[in-house]
Amino acid sequence: NNLAVCFSQTGDQDRALSHFNECLEIMRKGKDPVRECKCLLNMGACYADRGDFKHAIEIFEQAFIVCRACGDQEDEAACYCNIGSACVQLRQMERAFESYDLGLRILRKLNDKRGEAECLHNMGAANFNDGNTELAVKLFDEAFQLNRGLKDARAATLCLNSLKAAY
């Protein structure tokens with residue numbers, strides 16, 4: 001899995017996917033659903049990085065099933081948020097908003113402020129790109145407030161830049 005991540009980070013998605021597939025086979029044979037889910041999430045991200053958003057969604061949906069079965073709510077939220085991001089790229093906005101909302105609910109239940117802020121920012125960007133500037137501003141501001149509270153200057157700055165663009 002680590003080697004696959006390295007290939008993915010250097011932009012070699014084909015080699016990354018090859019290694020993730022090997023890893024996935026091992027995780028399934030070893031009946032390790034937590035690592036299987038993480039491997040699937042990484043694979044979905046590779047497909048998204050390649051611009052193959054339909055396939056990315058299929059992989060994130062597989063990951064969701066595994067996460068749900070083993071009770072991994074954190075990665076379940078990641079699945080929803082990743083599906084939301086891929087749906088935005090395909091202009092499937094209704095499904096994107098539904099997916100983001102489901103992910104956000106889980107993140108709030110888990111009290112994952114960093115994940116919540118990232119999801120809110122992504123929801124804001126999706127709304128802004130869909131022409132709903134008023135809601136985008138509200139979401140960007142909420143994400144900014146969370147990031148400020150977390151003392152995450154980089155993420156807070158990103159939110160401020162998004163707010164500036166939305167105004």
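All of the points below concern the structure found in this document.

Thresholds, definitions, all that
- Residues numbered from 1 in each chain as written.
- Predicted model: local features only at pLDDT ≥ 70, side-chain atom pairs only at ≥ 80, totals over all residues.
- Heavy atoms only, no water.
- Salt bridge = Lys/Arg side-chain N within 4 Å of Asp/Glu carboxyl O.
- Buried < 20%, exposed > 50% of the residue type's maximum accessible area, 1.4 Å probe, protein only.
- Helix = DSSP H or I, 4+ residues; strand = E, 2+ residues; numbered from the N terminus.
- Axes fitted to C-alpha atoms, helices over the stretch in contact; angles between N-to-C directions.
- Parallel < 35°, antiparallel > 145°, perpendicular 65-115°, else oblique.
- Left-handed = near helix turned anticlockwise from the far one by under 90°.
- Contact = heavy atoms within 4.5 Å.
- Phe/Tyr/Trp six-rings, centres within 6.5 Å; stacked < 30°, edge-to-face > 60°.
- Disulfide = S-S within 2.5 Å.

**Considering the pattern of salt bridges**
One side chain can pair with another of opposite charge once the charged atoms of both are near each other.
Inference 1: Enumeration over the complete set of coordinates arrives at 15 salt bridges.
Inference 2: The salt bridge partner of Arg-35 is Asp-32, with a shortest N-O separation of 3.8 Å.
Inference 3: With relative accessibility at 22%, the residue Asp-32 sits in the partly exposed group.
Inference 4: The salt bridge partner of Glu-61 is Arg-95, with a shortest N-O separation of 2.3 Å. With Glu-61 in helix α4 (residues 53-70) and Arg-95 in helix α6 (residues 93-109), the pair connects residues that are 34 residues apart, well separated along the chain.
Inference 5: Residue class for Arg-95 comes out partly exposed when judged on its relative accessible area of 31%.
Inference 6: Among the ionic contacts, a cluster of salt bridges with common partners joins Arg-108, Lys-113, Glu-116, Lys-138 and Glu-142.

**Here's the deal with the packing of α4 against helix α5 (residues 73-89)**
Inference 1: Contact pair α4 / α5: the axes reach a minimum separation of 9 Å and the direction vectors enclose 165°. Accordingly, the angle class assigned to the pair α4 and α5 is roughly antiparallel. Crossing handedness for the pair α4 and α5: left-handed. Contact residues: Phe-53, Ile-57, Phe-60, Glu-61, Ala-63, Phe-64, Cys-67 and Arg-68 in α4; Asp-75, Glu-76, Cys-79, Tyr-80, Asn-82, Ile-83, Ala-86, Cys-87 and Gln-89 in α5.

**Comments concerning the packing of aromatic side chains**
Inference 1: Applying the stated criterion to the full structure yields 1 aromatic pair.
Inference 2: With 4.9 Å between their ring centres and 55° between their planes, Phe-64 and Tyr-80 make a pair best called tilted. Of this pair, Phe-64 sits in helix α4 while Tyr-80 sits in helix α5; the two residues are 16 residues apart in sequence, bridging distant segments of the chain. Both residues of the pair, Phe-64 and Tyr-80, belong to the buried class.

**Examining the environment of Leu-107**
Inference 1: Locating Leu-107 in the fold gives a position in helix α6.
Inference 2: Each C-alpha atom, one on Leu-107 and one on Ala-77, is 6.4 Å from the other, the two residues being 30 residues apart in sequence.
Inference 3: With residues near it in sequence (within four places) discarded, Leu-107 still touches Ala-77, Cys-81, Asp-112, Gly-115, Glu-116 and Cys-119.

**Looking at the side chain of Glu-76**
Inference 1: Note that Glu-76 resides in helix α5.
Inference 2: In this structure Glu-76 touches Phe-64, Cys-67, Arg-68 and Ile-106, once residues within four positions along its chain are discounted.

**A short note on the state of the cysteines**
Inference 1: All told, the structure shown has 1 disulfide when counted by the stated rule.
Inference 2: The disulfide partner of Cys-37 is Cys-67, and the S-S distance across this bridge is 2.0 Å. You can see Cys-37 sitting in helix α3 (residues 33-49) and its partner Cys-67 sitting in helix α4, a full 30 residues away along the chain.
Inference 3: Taking the relative accessible area as the measure of exposure, Cys-67 reaches 0% and is therefore buried.
Inference 4: The thiol of Cys-46 is unpaired, and the distance to the nearest cysteine sulfur, on Cys-39, comes to 9.2 Å.

**Let's talk about unusual backbone geometry**
Inference 1: With a phi close to 50°, Lys-31 is a non-glycine residue in the positive phi region.
Inference 2: Along the polypeptide, Lys-31 turns up in the loop between α2 (13-29) and α3.
Inference 3: On the accessibility criterion, Lys-31 (71% relative accessible area) is exposed.
Inference 4: For Lys-151, which is not a glycine, the phi torsion comes out positive at approximately 60°.

The values reported here are purely geometric and, on their own, carry no functional implication.
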